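A closer look at the structure
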Amino acid sequence: MAHPPTTRQRSAPAVLPEWPAVDDAAVSSAMAKRQLLSFDFDPTALPSDVLCHLAMEMFVSAGLPAGLAEDRVRRFILAVRASMLDNPYHNFYHVFDVMQTTNALATSTGTMARLDAWERFALLSAALCHDLEHPGVTSQFLSKVGDSTYGGYKNLVFRDALLEKHHALRALGVMVDRDIGILEGLSSEEYYHFRSSVQRIILATDISRHNEYLGELQEFAARRAEDPAVEMDKQLAMEMMVKCADISNVVKPAAVARRWALRVTDEFFDQGDAERSMGMEISATGDRLTKSRVSLQTGFIDFLAAPLFTSLAAAFPAARGLDAPIAQLAANRASYALCSDVELELSRDLLRSDSSSSEIPTEEGGGGSSVGSGDEQCDSPSSETHDPPLVPQMVPSQPGSSRVEWFMVARVGSGSEVLSERAGCSRLPPSATQPVVPGVYRSRFETKEEEVVSKPSTSQVEWFMVARGWSGVEVGDN
């Protein structure tokens, strides 16, 4: 279990480390495979040193503003990394993920092509800084605590958006630091325009403003349906890109999405543990004793992510590559209908062992669904990885267990669909056909009459019989 958030402190080294040395060929290979424009990218599979280089590649590929030295941008990236805490979710991996997804979305929708050099830099730097110094707890929690545990957030006299306003202030503070100075040389007018743009982008990630942005997006989609030539205001478009990227975990491949789901619910539950220990009312998402990780994800998809991304696709109907993440969102939602909290917890180690190696895919290793023409897209790494073999095994119940259940397990190959020949199976969807993503799916059967078969395009569907001891929270095996 992660440490409660009350044990984490904000700190940054007085002197930034040297720019890390990594395999330049590996970084170049990732760029050649268009990984940084992919919606399948998984930063958690890579060391943070490599992510620093990839962040720099995104800035350079977008086109650095004239007069902005690369060395200053490198120090800026290192300062951001040093300012991020070791939270389960809100850490350097998350802000890099949002920056990379922003890069993919802005390219896909054509937003990046409409921006000038400083606007592109504002977009990517705001994405990287959007959660700068995040303490791993919510603004609501911070408004209730009065000690110095969280590094002075309480001293900020904001009435709302406490965290987002802190992130925005600190982002500009890092940028103008004399050892970084990436805004040196701007005129007063240029500086204030850039500052305003970055701050507005970061403030757009305030979840309390979600309906406001959803309404703006739906209104623009309606206007574009009447006049395809109409363009979204550039500043609003930049805010939309980062806002969508900030909640994009659920549009990623299933294994990646589940990894993020475990991280974010770990952080929710850490806050709930802290609230319980402090005698506070436990937040709506923080009670690990009563809340389901899976239901938190399905609720997030149904009420936040699905409406936003559906509206995004409607607002940018000509966007290249958006169909894949939208389809993946639906597939992830369907797969959660087959998943319990126990199975999600059990997948923790499986997800890590099944993930791509810590090396960036090379020319031989495949890439992912990226923005661009179909000929340029690479095969997803998931199509070349395989689950460890499942074998029949007896699983004894844990002490105090009420029962031992037998499960039929189907392992579904890449590009397949699971079909239920008889509706009403206890864990399979009731519909006759339900698209899913590659992985392992478990179903408890009352009889063996239900059948899972593959579509013609399916590479394989394998069956296994396993037994599981059940105590409500523990599963044992031997």
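Right above here is the structure, for reference.
Details of unusual backbone geometry
Located in the positive-phi region is E133, a residue other than glycine, with phi close to 65°. Note on placement: E133 falls in the loop between α6 (117-129) and α7 (139-144).

Brief notes about the layout of surface pockets
If you roll a probe as big as a water molecule over the atoms, it shows you where there is empty space left. The calculated volume of the second largest pocket comes to roughly 1,200 Å³. Residue lining of the second largest pocket: 44 residues in total, with T138, I207, F268, T285 and F300 positioned closest to the centre. Only α7, α8 (162-175), α11 (234-246), α12 (254-277) and α13 (293-315) provide two or more residues apiece to the lining of the second largest pocket. Of all the elements, α12 adds the most residues to the lining of the second largest pocket, at eight residues. Along the lines of polarity and charge, the residues of the lining of the second largest pocket split into 20 nonpolar, 15 polar and nine charged.

Observations regarding helix α3 (residues 70-83)
What sets the pattern is the α-helix's 3.6 residues per turn: residues three or four places apart point alike. For α3, built from 14 residues, the straight-helix expectation of 20 Å at 1.5 Å per residue is met to within 8% by its first-to-last C-alpha distance of 20 Å. All buried positions along α3 are accounted for by V73, F76, I77, L78, A79, V80, R81, A82 and S83. Packing partners of the buried residues in α3 comprise α2 (48-62), α4 (92-108), α6 and α8.

Things to note about the packing of aromatic side chains
On inspection of all chains with the given rule, the structure shows 10 aromatic pairs. Taken together, a centroid distance of 5.9 Å and an interplanar angle of 85° make the contact between W118 and F121 edge-to-face. Placement of the pair is W118 and F121 together in helix α6, with a separation of three residues, close to one helical turn. A relative accessible area of 3% places F121 in the buried class. Seen in terms of ring centroids, F220 and F316 are 6.1 Å apart; in terms of plane orientation they differ by 40°. Their pairing is tilted. Of this pair, F220 sits in helix α10 (residues 210-226) while F316 is found in the loop between α13 and α14 (323-336), placing the two residues 96 residues apart along the sequence. Both residues of the pair, F220 and F316, belong to the buried class. Linked through ring pairs, F59, F76, W118, F121 and F194 together constitute an aromatic cluster.

Parameters and conventions
- Residues numbered from 1 in each chain as written.
- Predicted model: local features only at pLDDT ≥ 70, side-chain atom pairs only at ≥ 80, totals over all residues.
- Heavy atoms only, no water.
- Helix = DSSP H or I, 4+ residues; strand = E, 2+ residues; numbered from the N terminus.
- 1 Å grid on protein atoms, 1.4 Å probe; cavity = no way out; pocket = protein on both sides within 12 Å on 5 of 7 lines; lining within 4 Å.
- Points joined across faces, edges and corners; volume = space filled by probe spheres on them.
- Nonpolar A, V, L, I, M, F, W, Y, C, P; charged D, E, K, R; others polar.
- Expected span 1.5 Å × (residues − 1).
- Buried < 20%, exposed > 50% of the residue type's maximum accessible area, 1.4 Å probe, protein only.
- Contact = heavy atoms within 4.5 Å.
- Phe/Tyr/Trp six-rings, centres within 6.5 Å; stacked < 30°, edge-to-face > 60°.

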